[in-house]
Amino acid sequence: MKPILRQTVSIERLTGYDSKRYFFGYYDLAAVSQDGNYHLTHRIDSADRMQTATDRCEIGMIRLGDHGYIPLSTTYAWNFQQGTMLQWNPACPNEEIIYNVSANHGLCTVVQHVHTSEKRYLPRPVASVSPDGKWGLSINFARIFWFRGGYGYACAPDPFTDLCPADDGVFLMNMETGESELVLSAQTMRELAKEYLTEEEYHTHKYVVNHITFNTDGSRFVVLFRCKSTDPKRKGWKTLTFTANRDGSEPYLLLNIMGSHYSWRDPSHILFFANPFDCPTRGFYLFEDKTHNYIEYHPMQEGDGHCNYSPDRKFFLNDTYYRNGYRKLYLHDVEKDKSVELAVLRSENPLYLDDVDMRCDLHARFSPDGSFITFDSVHEGSRQIYRIDMEDIPLP
């Protein structure tokens, strides 16, 4: 099979000039410094099995001028899909990075200066940081590892044995002081959605917060609250999508059937691959928060993908999962509601992996100024990071 089946743009490899595997991770995190000089990366020795508690991941950055690699730190708190939640600190976007580590007392956050290596530690692991860098949302990554190994951390045990703990859920953390509080509990969310759960789901399934993200001004957040049978032979889960104020007040059940990948357009609108409320048809919809109003978009897409708005909100990126040996990368023009195919890239068959969550999704993301795109891919035989310049794209 060809590494690239089709392409309409030039693709530049940023990593992989040694024997290591490189990846950034999730599509909605800040990979590139504000000045455009550096790209963050995770570096691992191999990607042939699911990570364990003793597997170490190196954190570093790439000089975009000459592709030079700069090591910064190491951690055992990582996974194949979201890495360490590595990102530039919005409060200091050229000099400080944020990532998660394991310590003697459990999982925590590190804020590190990339040039002096000075570090400060916060007592909870971070899942999302507000756009001003003042607040962090923290969730139970150890519990997520039971649910989906590619999104949780193997290096720490889940402190809760309850199916739906009263003391677990969404925590709000001050990114300066480390002070935190539980603002939306798992039990609260389950009760709010009780009428949409079966008796079996309500009483016997295990509940977990899987994804969470601040909106564009940090006033509210979206959270995917999921439940799954504890029987390992039973696959699949139910997703209940909530939004809430930063302090957990005014929770709203936005989606009651299925919600997957998303991207906030502005403080009150969010793009989702989902089923609208009580609707059987999945697709890409722009939802108005705290309502069940929406409009549908029609990207050049077969099923789910990682949708991600450009900084000016004129476009969103999208990708596909594995199909017939390849993954596709698209750019969608919001006003025209038309897509352009950027590339069709060879990919591993997830059925042959040690775990399906080890797969390498493209997870395409924009630079802060929107002038280029980067993504992770295995089309040349190992996990690496690539770049596409926006000026090279034939817009639809």
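Description of the structure in this document. No experiment lies behind these values; they were computed from the predicted model shown.

1. Focus: the overall build of the chain
No. 1: The helix and strand inventory of the chain stands at three helices and 29 strands.
No. 2: Here the C-alpha atoms of the chain give a radius of gyration of 20 Å, agreeing with the 21 Å that 2.2 N^0.38 yields for 396 residues.
No. 3: Expressed along its principal axes, the backbone C-alpha trace of the chain runs to roughly 55 × 50 × 40 Å.
No. 4: Scored against the burial criterion, the 396 residues of the chain give a buried share of 60%.

2. Topic: the nonpolar core
No. 1: Of all hydrophobic cores here, the largest spans 60 residues; its most connected members are Ile-97, Val-170, Phe-221 and Phe-225.
No. 2: It is strand E15 (residues 206–214) that provides the largest number of residues to this core, a total of five residues.
No. 3: Core analysis: the second largest hydrophobic core is formed by 18 residues, Leu-331, Ala-343, Ile-388 and Ile-393 among them.

3. Here we look at the pairing of strand E10 (residues 119–122)
No. 1: The pairing of strand E9 (residues 106–113) with E10 spans four bridges and is classified as antiparallel. Bridged to Val-110 within E10 is Tyr-121.
No. 2: Joining the antiparallel neighbours E9 and E10 is a turn of five residues, in which Ser-117 adopts a positive phi near 70 degrees.

4. Comments concerning the sheet that holds strand E29 (residues 384–389)
No. 1: The sheet built from four strands is open, its strands ordered E2-E29-E28-E27 with antiparallel pairing. Of all strands in the sheet, those with a lone pairing partner are strand E2 (12–13) and strand E27 (365–366), marking the two edges.
No. 2: In this structure, strand E28 (residues 372–377) lies alongside E29, joined through six bridges in antiparallel fashion. Bridge pairing in E29 places Phe-375 opposite Tyr-386.

5. Things to note about the packing of aromatic side chains
No. 1: According to the stated counting rule, one finds 19 aromatic pairs in the structure shown.
No. 2: Where Phe-375 meets Tyr-386, the ring centres are 5.7 Å apart and the plane angle is 20 degrees; that geometry is what we call stacked. Taken together, the residues Phe-375 in strand E28 and Tyr-386 in strand E29 connect sequence positions 11 residues apart. When sorted by exposure, Phe-375 lands in the same class as Tyr-386, which is buried.
No. 3: An aromatic cluster is built from Tyr-262, Phe-272, Tyr-285, Phe-287 and Tyr-294, whose rings are joined through pairwise contacts.
No. 4: The aromatic ring of Tyr-202 is capped on one face by Lys-194, whose charged end is 4.8 Å from the ring centroid.
No. 5: Directly above the ring of Phe-372 sits Arg-387, whose terminal nitrogen or CZ lies 3.9 Å from the centroid.

6. Concerning empty space enclosed by the protein
No. 1: Counted according to the given criterion, the structure contains two cavities of 30 Å³ or more.
No. 2: A volume near 70 Å³ is recorded for the largest cavity.
No. 3: A breakdown of the residues in the lining of the largest cavity according to their chemical character gives seven nonpolar, two polar and two charged.
No. 4: Approximately 40 Å³ is the volume found for the second largest cavity.

7. Structural notes on unusual backbone geometry
No. 1: The residue His-67 is not glycine, and still its phi comes out positive at about 65 degrees.
No. 2: Mapped onto the fold, His-67 is located in the loop between strand E5 (57–63) and strand E6 (69–75).
No. 3: Its identity is not glycine, yet Lys-290 carries a phi of approximately 65 degrees, on the positive side.
No. 4: Mapped onto the elements of the fold, Lys-290 is located in the loop between strand E21 (283–288) and strand E22 (294–297).
No. 5: In this structure Lys-290 comes out as partly exposed when scored by relative accessible area, which is 41%.

8. Observations regarding the sheet that holds strand E16 (residues 220–228)
The strands that make up a sheet are held in pairs by hydrogen bonds between backbone atoms, and each pair lies either parallel or antiparallel.
No. 1: Sheet architecture is open: four strands sit in the order E15-E16-E17-E18, paired in antiparallel fashion. Both outer strands of the open sheet, E15 and strand E18 (252–255), are each paired with one neighbouring strand and no more. Sheet twist, expressed as the average angle between the axes of neighbouring strands with direction ignored, equals 30 degrees.
No. 2: Across three bridges, the pairing between strand E17 (residues 238–245) and E18 is antiparallel. Residue Phe-242 lies in a different strand from E18, and its bridge partner there is Leu-253.

9. Quick word on the side chain of His-67
No. 1: A polar atom in the side chain of His-67 sits 2.7 Å from the side chain of Glu-12.
No. 2: A polar atom in the side chain of His-67 sits 3.5 Å from the backbone oxygen of Arg-13.
No. 3: Sequence-distant contacts of His-67, defined by excluding residues within four places in its chain, comprise Glu-12, Arg-13, Leu-14, Tyr-17 and Ile-62.

10. Some words on the environment of Asp-48
No. 1: Topologically, Asp-48 is positioned in the loop between strand E4 (38–44) and E5.
No. 2: Residues Asp-48 and Ile-59, 11 residues apart in the sequence, show an inter-C-alpha distance of 19 Å.
No. 3: Not counting residues within four places of it along the chain, the set of residues in contact with Asp-48 comprises Asp-354 and Met-358.
No. 4: Side chain to side chain, Asp-48 and Ser-46 meet in a polar contact 3.4 Å long.

11. Focus on the pairing of strand E8 (residues 96–103)
No. 1: With respect to burial, E8 is a largely interior element, six of its eight residues being buried.
No. 2: Looking at chain direction, strand E7 (residues 87–88) and E8 are connected through two bridges and run antiparallel. Directly across from Trp-88, in E8, lies its bridge partner Ile-97.
No. 3: The antiparallel hairpin formed by E8 and E9 contains two residues in its connecting segment.

Rules behind the numbers
- Residues numbered from 1 in each chain as written.
- Predicted model: local features only at pLDDT ≥ 70, side-chain atom pairs only at ≥ 80, totals over all residues.
- Heavy atoms only, no water.
- Helix = DSSP H or I, 4+ residues; strand = E, 2+ residues; numbered from the N terminus.
- Rg over C-alpha atoms; globule rule 2.2 N^0.38 Å.
- Buried < 20%, exposed > 50% of the residue type's maximum accessible area, 1.4 Å probe, protein only.
- Core = buried A, V, L, I, M, F, W, Y, C linked by side-chain atoms within 4.5 Å.
- Pairing = 2+ DSSP bridges.
- Phe/Tyr/Trp six-rings, centres within 6.5 Å; stacked < 30°, edge-to-face > 60°.
- Lys NZ or Arg CZ within 6 Å of the ring centre and 35° of its normal.
- 1 Å grid on protein atoms, 1.4 Å probe; cavity = no way out; pocket = protein on both sides within 12 Å on 5 of 7 lines; lining within 4 Å.
- Points joined across faces, edges and corners; volume = space filled by probe spheres on them.
- Nonpolar A, V, L, I, M, F, W, Y, C, P; charged D, E, K, R; others polar.
- Axes fitted to C-alpha atoms, helices over the stretch in contact; angles between N-to-C directions.
- Polar contact = N/O pair within 3.5 Å; in protein donor to acceptor, adjacent residues only side chain to side chain.
- Contact = heavy atoms within 4.5 Å.

So, to be careful, I would describe these as geometric facts and stop short of saying anything about function.
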